Amino acid sequence: MIQTTDFVGKYAIAQNRYTEAELEAYLTTQNVMVKKILGNDLGTLFLADLSGGVPQTPIYINIFNPFTYVYRDCFVECVGLKEILVQYFYHLYTSEQPIVNQISGNGKLEQEATTFDMMKPYVIYNRMVAEIEYLRVYLEQNMATYSTFKRQFEFNYVSAI
């Protein structure tokens, strides 16, 4: 689904020949994360629909890519499952590093590091929690299509403090 090359833009992770293998090791748990988000049954069906890491059936393509819907008269935009996974692995990888991971490269954590540099993984994680909720509300609104969806794991907001 996601690869090391997906970590660009606002989710950029500085990579080189040493760190790329380390990031790939994190990405081996993608299937587990999909099942945590979608529930075991829908997650299993979603994963079975993948070909080359991309869903083939419209109902899965719809939730993999960004989408919009209306909930209680409010317009909701969801980044889709692919970006949710990028957010999760960005947080997991960067928050466990003893260095600050910046687009210009990795560096030691020093006094000059800004609060945002240190907080960014947690900000991204909290965005992911919100996006998972947007996705799940959509699935619940469309139970006729996603009848196997069941919340089995809850994601909570975090604080770096």
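The structure we're discussing is the one just above.
Residues numbered from 1 in each chain as written. Predicted model: local features only at pLDDT ≥ 70, side-chain atom pairs only at ≥ 80, totals over all residues. Heavy atoms only, no water.

Inspection of the sheet shows strand E3 (residues 67-71) paired to strand E4 (residues 74-78) by five bridges, in the antiparallel sense. Along E4, the bridge assignment pairs Tyr71 with Cys74. Between E3 and E4, which pair antiparallel one after the other, the connecting turn spans two residues, and Arg72 there sits at a positive phi close to 50 degrees. (Pairing = 2+ DSSP bridges. Helix = DSSP H or I, 4+ residues; strand = E, 2+ residues; numbered from the N terminus.)

Across its 15 residues, helix H5 (residues 81-95) extends 21 Å between first and last C-alpha, which sits within 8% of the 21 Å expected from 1.5 Å per residue. Counting buried positions along H5 gives 12 out of 15 residues, so the element sits mostly inside the fold. Taken together, the buried positions of H5 are occupied by Leu81, Ile84, Leu85, Val86, Gln87, Tyr88, Phe89, Tyr90, His91, Leu92, Tyr93 and Thr94. (Expected span 1.5 Å × (residues − 1). Buried < 20%, exposed > 50% of the residue type's maximum accessible area, 1.4 Å probe, protein only.)

Along the chain, the position of Ser95 falls in helix H5. Once the C-alpha coordinates of Ser95 and Pro121 are considered, the two residues, 26 residues apart in sequence, prove to be 5.8 Å apart. Excluding its chain neighbours within four sequence positions, the residues that come into contact with Ser95 are Tyr90, Pro121 and Tyr122. (Contact = heavy atoms within 4.5 Å.)

Geometric descriptors of this kind do not, in isolation, establish any biological role.
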